[in-house]
Structure formats: C-alpha cells, structure tokens
Amino acid sequence: MDDAQLAHVESLCETLYLGKPLSHSIKDPISREEAQSRLLSLQSSASFIPQCQYILDRSHSQYALLVASNSLTELISTHWNNFTIAQRIDIRNYVLGYLANNGPALQDFVTLSLIKLVCRITKLGWFDDATHRELTEDVTKFLQATVDHCILGLKLLNQLVDELNVPSSGRTLTQHRKTSVSFRDLCLFKVFQLGLTTLRQLQTRAIAATPQQEIILGEQALSLTVRCLNFDFIGTNPDESTEDVGTIQAPSNWRPLLQDPATTELLLDFYANTDPPRSSKAMEAMILLCSVRRSLFTCDKEREAFLGKIMSGIRELLKNQTGLQHQDNYHQFCRLLGRIKSNYQLSELVKAEGYLEWLDLAASFTTQSIRNWQYSTNSIHYLLTLWGRLVAAVPYVRPETGNKGHVQALENHVLNVVECYIDSMLGSVETVLRSEGALEDPLEDDGSLMEQMDRIPTICRFQYSAATSIILAKFDPLLTKYQELMAHLVSSSTESAPPSVAQQVAILEGQLTWLTYIVGAIVGGHSWSSSRIGDGEETLDASLSKRVLQLAQGIDYRLTSSNGAGKADSKLEVALLYYFQNFRRVYMFMWEQQSSGSSSAIGGMKLDSVPSTKQKVYQNMFEHMGLGDHTVIANLIVTKIGKNLKFWPDDYDIIAKTLELLTDIASGYSSSKLLLTLDTVKYLVSHHTPEEFPFLNVPSNSRHRTTFHAILVRLLLSPGGEEKLGIDFEQFMEPIVKTMSQLRSLDSSQLRSEVARQPLIGVFRDLRGVAISLHNRKSYGAMFDILEPHHMPLFSKVADLWYDQPDVIISLLRFMQEFCHNKANRVNFDQSSPNGILLFRATSDVVCAFGRRILANTAAPAGDIYKMRYKGISLALSVLNSALGGNYVCFGVFALYNDPALDNALDVSLKLSLSIPLDHVIAYPKLSKSVFGFIEIMFRNHNKTTMALDTRVFMQLMNAVHEGLQSSDAQIGSTCANSIDHLATFYYENNGKDKPEVHNLNKHLAAQPNLFSSLTATLFNLLLFGPPQNHWAVMRPMLSLMLASESSFTAYKDHLMSTQDAANQALLNDSFNKLLADVSRSLESANRDRFTQKLTAFRVTTRGFLTL
C-alpha cells in the first residue's frame, strides 16, 4: 500500500460513515453500500494484514483506523492457524504498543476496536505461549502510567473478562471452557483486585485526575468489578436476558477479599458518594456480592458476620434514603432487597443483629414505594418478591429462633404491605384517569402486571383470613355501587351517560379490574399439597370467587339486556378472563371425579365410595360459594365465553383470550367431559355461524375462526360427544356445506366478485379448523365423504380465479395443507377405496390451477413481494409436499393408467420453485423450507421424473441444493444434504444398470463432470470450517458421495494437502487414514453410523492444525 491507496481508503471510509462522496468521483458518486463492499475486501485474505498495519501506522482518519482494526480482528479470528506462534505474539505486541503510544489520542470507538483485537488474540493464543497469559501484567503498566493510560488499562481488562467469559463462533464449547477456566484460575482474581484497588485509590484521592477522568475511572472500575463477579465460574452459561442473579460461584481463594468488611464498605461508600451510573453500578456490585455461594464461608459465624454487614449497610441506606431519589439507584436497590432472602435462609436473617429494625425499614420502604407507584412500576415486583420469600420460609423456622417476636412482626408488616398495595392500586385508577394521558396505566403494562400477580398469592395467603377481609372490605362496597349504577344504565352504553356518571363508572370498573386480577392471582395460588389441603382456605377462595362471579353475572346481564350496547371496560373483561383461567387451573381438574365419586352431594345419587379429602375440599368450596354446584359455575364461565364471542366481535384481545380459555377448558380431560353436559356448549356447537357470533365476520378475526371451529370439533368428536351434544358431525358441518353449495352455484364472474371474498375466506378458515381436530381415520373419512365429490372442484376453481388475492388464496392453501397432512396416520382408506388417489388428484388440481396462473402472471407485484407472490408459492409447495410424503397414494398408478395428475403437479411445482431467484429463496426461511423440501422429495421418491429433466434444469436444481447446503439455517442445510444423499445413493446402487433414469443421470454428469467433486469439496469445507450447527447435517451424505465418486474424494484430499506445509501434510494424511480405517463399502445403517463417528473425530483433530 502507498499514500495514494491510503488516501483512497480514507475517502471510502468517509463515504461509508459520513456519507461524503469521493472527491474524484462527483459525477459518478460511490454509494455507501459500494464503499462498504470495497472496504470489506480488506477482510477477505490474510495477505491484507500488512495493509491494515500500514493504515494504522500512517492514517490520521479515525474511521480508517476503525476499519483497519476491525479487519485485523476478523482476519486473525478467521485465519488463526495461518500464523506461527511468533507471528501471533508479534501482532499482539504491535497492537499493545500502538495502544500505549497512540491510545489516549484516539476516539473511543477506535480504542475499543483495538482492545477487542488484543483480547481476541489473547483468547485464541491462550495456550500457545505464556506471553498471552501475561496480559494482566502488561496492563498493570498501563494502570501505573498516566491517568489516560489507566483508563485504557481498565477498558482492556473489562474487554478481556468479557472475551474470556463469552463463547465465540468457530470454537467449540469445550475449547471455550478450557480457556475460560484457565483464565479464571490464573488471572481473574488479580483482575478483580485491580478493580477494587482502583476504587480505593479514587476513594482516597490517590489518583491525581480531573473530575471528568474520575467519573470515567469510577465507571470502568465498577464495571470491571461487576464483570468479575458475574463471570461464569463453573460453565453454567447463564441467560443474559434476565435480570435475576443466580448464585455467584466464586472460588475459595476469593474468600478473604469477599468477606472483608472493607470490600462491602468500599462499595457502599462509592454508592453513597457518587451519582448514577456509578452509584447504580456500585449497587449492582452489592447485589452480586450478597449472592456469593453459601459454601464459600468456612463456618456459620463467618457467614453471619458477612450477612450482618450487608444488612447493616442496607439499614443505613434505608434510614437515610441515600441516593434513592435517582431512578437507577432505586431500581437496583429494590433488586438488592429482593435478592437478600433468595441467598440466605430466614433462620439466618432472624438471628442477624437489628433484623426487626431492618424489617421495619424494609416494610416502610415497600409501602412508600407502592404509594408512589407511578415512579416505581418496574421495581415493585422485586419488593413483593422479598415479602413472598420471607413468608414462604416461615413454616421452616421455629418462632423462638433469633429475634423475639419476629413472626408477629412479619405478620403485621405483611398485612400492611397487602393493604397498602390494594389501596394504592385502587387509587391509581382515578389518578391515571384525571391525568388525561400524562400517566401510563399500570393495567396496560402486561409484563409488570403479571410479575406482580405472580407474587401476590404467596404474600396474601400468609395471613389469608385477614387479607381476605381486607379485599372483601374493598370489593363489596365497590360491587354494590357498581350494581346500582348499572341498574340505571342497564340498556344504554356508558358513553351515552352524563360525563360525571361515565367517569364514576370508569373509576369503579378500573378498581374492580384491579380486585379481579388480585382475586384471580390468589385463587390461582391455591395449593393442593397435603400440608395445606385441610386448612379451610377453600372457603376463603369461595368468598372471593363469589364476588368475582357475581360481577361477571352482572356484566353479562347488562350485555344481554342491552343487546351488546352496555359494555364494561375491556380491561375488566380481560381481568375476568384472567380470573377464569386461574379458577379453571385450580378447580376444574376434579370435575369428573366430583360428578361420579361424590355425586350424592350434588345429584342425589348413591355414593360408590367415601369421598377423598380433595373431593371434600372441592365440595366445600362450591357449597360455601353459594352460587350452585360445579356444573352451574362451569355453565356461568362458558356462558361468559359465549357472550364475549357474541358481543365483543371487534376487540381482538378479548376474542383471543376468550378462545384461549375455551381451548384450555376443552383440552382438560375432566373439564372437557363436563363441557359436553352444558347447554351453552350445545348452543355453541349448533349455532357456530356469523349470524350468531359476529366476530366470525370480522376480517381481523379470520385466524380465530379456525381456532373456534377446531375447539368445537374437538369437543364434538371426543368420546360420547355427538350423543351428549345431540348433534352429529354431518349436522355440525351443515352451515359450512350450505355456504360451499351457494358458492359452488355461482358462475366464474360472481365467484370472483367482492361479495364472495369474505364467505370464501370464512369457509376455508372454518374447514381448516375442522381439519385440525380430525385425529383418526373415522373422523377424517367423514369429512372427506362430505367434501368429495361435490365440493372438491370448488377449491381448484377458487385457486384459478383468486390466485392474485393473498387473503383468499392463503386461506385456501392453508386448509389444503392441513387437509393433506397425514398426522397420526389419519388419512388411511380401505384397500379397495380410490379415495387416496381422488384426494391427490384434487390436491394436484388446486396446486396446478394456482401455479399456472401465478406463472403466467410475470408482472412484478405492487407492494410486499413475499405477501403477494412468494407466500402463496411457499404454501402451494407445502401442500404438495404433504400429499407427496403422506404415504396414502400409490403414485405408480398414475403412469400406469395415463393419469396426468402427478406429472402435472410435479411439473408446475418444479416451475414454481425455479421461477424464484435463488437469493430470494434463501432470504425467506419459510419459502426456502418449502422449495428445498420439494426438491428433497423429488430426489427421494421421484427419481425417474427428476433424472428425465433437461440437463440445464437438473443442474439448476443441483445449484440450488448446493447453495442451500451452505445456509445458516440448520434445517435447510439438513434437507439439502438429504437430497445429495438420495442422489449419491441412487448413483452408487444403480450405476451400470440398464435403466432410463441411470442413462439420464450419466448424461447430466457428462455435461457437468465436476458435480460430485464440487459437492464433496463443499461438504468437507463445511465440516472443517463451517458453523457448528451444520456439522451433523453435512455428515449424512458424505459416505454415499465418497462411494459414488471416489475420485472426487481423492481430488479433495490432494487439494487440501497441497494447501498445508510439510508438517501439517503428515498430520492430515494420518487423519485421513484413520477416517477411512474399518469403513466398508456399503450404505448400511451400522456402517453409516460408524463413519459419522469417525468424521466427528476427524473434524476435531484437523481443526486444531489446519491453516486456511
């Protein structure tokens, strides 16, 4: 590289990062994409390393330095084996020296890129030479130099801990853990000490730095402390997306430093005397410090002293409210409180000095936080977690243990927290309403709401009787007041009421929404464990449930009497569904036992056996509720479901959650049996039409139509379903059949009109729902008999007329995909039945009608090409794949009787597959799975057709397979590998035989003699140098390909040997010899498995020394 080339690189960098055109190309400016493409060429070969070094040495452009640094990192990572150990050390020393000389003057993004390069070299070369393992000593020199160098050193250590802690692509988990463990044992503790030492120096003003430098040093030192404590010490690969901290498995040699009170004091002092983000980072370090494993301490006394120090620090912070005015500090402090109990037993906490004071302060802080909910919505659940964990541990601690009266104190505080939480959430409704949108409604934050509801049951059930009294004292007056208001508004909507009344209703409904959520959470927290089952808690559940069910009845009555005009707030409806879900989960699993085992209490029948304790509790619950037996309650719930479906057609969320509830009830063994006895369910099954349930006509609910019909058919076809519901499958299908008959009677112009659009979408969605619930031969046969022969022709006619309208054609193709899918071997006709052939013929007609029209329409679609064109093609191929692989058609019959259905389907599908540019196929995962799935079936089951293709088309298929083999999607790679395996196996087993397909294949190979050699090279390159997820897939066809073309394997072996030096050639030759040892020339399963095992060993061995 010379100065002119350097100037060109700098100009390209300015174009890429700043959008500036190149100075000499104003007439023909280079785009950012072109500039990026040219700069990426620096990463294409190890020969560009000197150019990158030249840029680093000579350039003054920060962006050029960034590109050079990033390119070096990529080159080193990709071509690591190309360098000798001495070269690796030279590059490392060069970059370290560059940082030492130029680092303080560089922009942060350049510095970080160079630091990443040093750390990557250190990680990859960790076991090459001791020099790499001495990086921490080298960084110490940075820390002892100027303040700017000290900042650089801390950044280096931060990145080093990250690099050694996080697995990188191209290395196995075993390699990563080996390096990571060595770093942990040799360096991590020293790095941790350096972080703490820097903090102490900042605390004592031992570092002469400007205020801005002190801030940066503090942030970097605290980040380093947190990273060291967060290190994956034992290889658990924790989920980084969660905030919940697990136990910190610190090594034993860390004990003196971790349990030293000075460490805790240092972090607390730093928290108290700084502002975010430093203070919040110090608090995060405290969370990690109090999460260290219990076994780290040699005795209980040490652990108690450590805990005492932490609790003392928390007490002081709570007393003085230090730093809690900052949102970040407050959030981290709530996390700390939530974390305390998870790492220490309650028996240890109650023995700690000042426990009762700590409890008082924590309770006061919790209630204060809850009252100021608008500032702490995302943190409240951490505080609720603390109280939940404390009360959950009370049964395991003797009352006389530790501080006297700790149980009574906890009981009092918990009740205060519960009451404060309920009061604050009820009060939040009016506050939000009066803010006129300035405040976010906590009820609309689903994530935070569910976090809180998950923790409420444990807290409330600790003092359940008292908590119930508090809830009922709030619920009853609100319910009474609401019922009075509803009596006045019974037949009119809330919106039509005077503003003051409407606002009053809105506040009441919001408050009832909160209470419904809370009751639902508490009822859902009922425990059927033997230790709690006889405590009488079911009567309290009944008292709470009674109010919610009365509320639901009142809302339903108003809805019905006003014919849907008098609707409650949608959030209240969703809260009721949440309650029903929890009630179903706890009290609906025994309904069949209750009906049979203890039916005398309910139906007057004689008892067959003495009821179990669970049945007694169950019965007691319904008796105490006083609304009727379990059948009445079930009918109330299902009636509510029906009303939601009838009167909330336009609310997607309510319809979705209602159908989810119905699905869950219908999926339960005993609850589904109970549903069959309910009048409401009988009504649903016999009136599943848009006239009765308008949500079916709303276009956005088209998916819900499918779900609705799937649930109903599941119930209808369950054992005894038709008898109990008083309707058989044919009667159920009558409304759908009637619609299809009306559509079938239309001529082509009428069928293509807008009037027919929604009926077509609806009928196909309904049919798909029905087909989903057909799980056996009998039910599938019943549906097939209804559709064939009268209605099947409608499907191909619709495919021909509506091919260019995604909403219609997608509905049709999704139904066909489900109907052709032979799940649980349901498509299984009698030996003398032609139905399998008729089904395939109808499927072929649909695919061909759609395919021919879409192929004839070559104009580029307006809008999203995937939605307008590719999605339909993808589904059409999936339909045919299901039919071709369903194993219910003898495809030889078609050629025997000159039936063109199979040839037509294969021909159209092949043209559809090849009509899409290969880069588009790869770009859309669902499309690529359909296309490559079709190609795989062609090579597996239809060799005669595949080999008879024109050579150009055949090679187009093989080129697609070749590209798909290298896909990052493991499933696509596996499918393409199977296609290659089918081809190679066919060639190996049939080569030399006098068959037309063999002659055709030889003709293709003669036209493209390097086909097998290119596939062999790609497979071996993927095995040796490709991503790990593709390894298993590419191993499958290797043996068949080697047997089909031994010369290809020999050629690849010779080529690979020629790229290595003499030492590597000997090692590689030995590895190949081991790979081929004891492998016979057969494709039996045992031989394939043996060869696959050898390939795995071959890959592991050769990757250790191969150079690219």
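The sections below set out a description of the structure shown in this document. (Residues numbered from 1 in each chain as written. Predicted model: local features only at pLDDT ≥ 70, side-chain atom pairs only at ≥ 80, totals over all residues. Heavy atoms only, no water.)

With that settled, the discussion passes to the overall build of the protein chain. For the protein chain, the helix and strand inventory stands at 56 helices and zero strands. C-alpha atoms of the protein chain, sized along the principal axes, occupy 95 × 90 × 65 Å. Expressed as a percentage of the 1108 residues in the protein chain, the buried residues total 54%. Sequence separation of 24 or more characterises 75% of the internal contacts of the protein chain that already satisfy a separation of 6 or more. Looking at the protein chain as shown, the accessible area adds up to about 47000 Å², and 50% of this sits on carbon and sulfur atoms. In the protein chain, 101 positive and 113 negative side-chain charges are present, and the distance between their average locations comes to 3 Å. (Helix = DSSP H or I, 4+ residues; strand = E, 2+ residues; numbered from the N terminus. Buried < 20%, exposed > 50% of the residue type's maximum accessible area, 1.4 Å probe, protein only. Contact = heavy atoms within 4.5 Å. Areas by Shrake-Rupley, 256 points an atom, 1.4 Å probe, with all protein chains shown as cover. Lys, Arg positive; Asp, Glu negative; His and termini not counted. Charge placed at Lys NZ, Arg CZ, Asp CG, Glu CD.)

The next subject is the packing of helix α1 (residues 3-18) against helix α4 (residues 62-78). Two packed helices can be described by the angle between their axes and the distance between those axes. Running from N to C, α1 and α4 cross one another at 95°; their axes reach a closest spacing of 8 Å. Here α4 runs roughly perpendicular to α1, going by the angle between their axes. Residue-level inspection shows Glu10, Cys13, Tyr17 and Leu18 of α1 in contact with α4, the latter providing Tyr63, Ala64, Leu66 and Val67. Here the contact of α1 with α4 is built from residues that sort into seven nonpolar, no polar and one charged. (Axes fitted to C-alpha atoms, helices over the stretch in contact; angles between N-to-C directions. Parallel < 35°, antiparallel > 145°, perpendicular 65-115°, else oblique. Nonpolar A, V, L, I, M, F, W, Y, C, P; charged D, E, K, R; others polar.)

Across all of its chains, the model carries three cavities of 30 Å³ or more by this definition. The space that makes up the largest cavity amounts to roughly 60 Å³. Trp373, Thr377, Ile380, Met425, Pro442, Asp445, Ser448, Leu449, Gln452 and Trp514 together form the lining of the largest cavity. The biggest single contributor to the lining of the largest cavity is helix α21 (residues 446-462), with three residues. Broken down by class, the residue content of the lining of the largest cavity amounts to six nonpolar, three polar and one charged. (1 Å grid on protein atoms, 1.4 Å probe; cavity = no way out; pocket = protein on both sides within 12 Å on 5 of 7 lines; lining within 4 Å. Points joined across faces, edges and corners; volume = space filled by probe spheres on them.)

With respect to the element layout, Thr843 can be found in helix α41 (residues 835-856). A polar contact is formed between the side chain of Thr843 and the backbone oxygen of Leu839, at a distance of 2.8 Å. Not counting residues within four places of it along the chain, the set of residues in contact with Thr843 comprises Met816, Cys820, Val879 and Ala883. (Polar contact = N/O pair within 3.5 Å; in protein donor to acceptor, adjacent residues only side chain to side chain.)

A word on the packing of aromatic side chains. How two aromatic rings sit relative to each other is given by the distance of their centres and the angle of their planes. By the definition in use, this model includes 41 aromatic pairs. Measuring from ring centre to ring centre gives 5.0 Å for Tyr866 and Tyr924, while their planes differ by 20°; the resulting arrangement is stacked. Residue Tyr866 is located in helix α42 (residues 865-884), and its partner Tyr924 is located in the loop between α45 (918-923) and α46 (925-941); the two are separated by 58 residues in the primary sequence. In textbook terms, an aromatic cluster arises when at least three aromatic residues are bridged by ring pairs, as seen for Trp126, Phe183, Phe189, Phe192, Phe231, Phe233 and Trp254. (Phe/Tyr/Trp six-rings, centres within 6.5 Å; stacked < 30°, edge-to-face > 60°.)

Throughout the structure, instances matching the rule amount to 50 salt bridges. A salt bridge links Glu936 to Arg940; the shortest N-O distance between them is 3.0 Å. Taken as a pair, Glu936 and Arg940 lie in helix α46 at a separation of four residues, close to a single helical turn. Relative accessible area serves as the criterion here: at 9%, Glu936 is assigned to the buried category. With a relative accessible area of 38%, Arg940 lands in the partly exposed category. One network of salt bridges, with partners in common, ties together Arg294, Asp300, Arg303 and Glu348. (Salt bridge = Lys/Arg side-chain N within 4 Å of Asp/Glu carboxyl O.)

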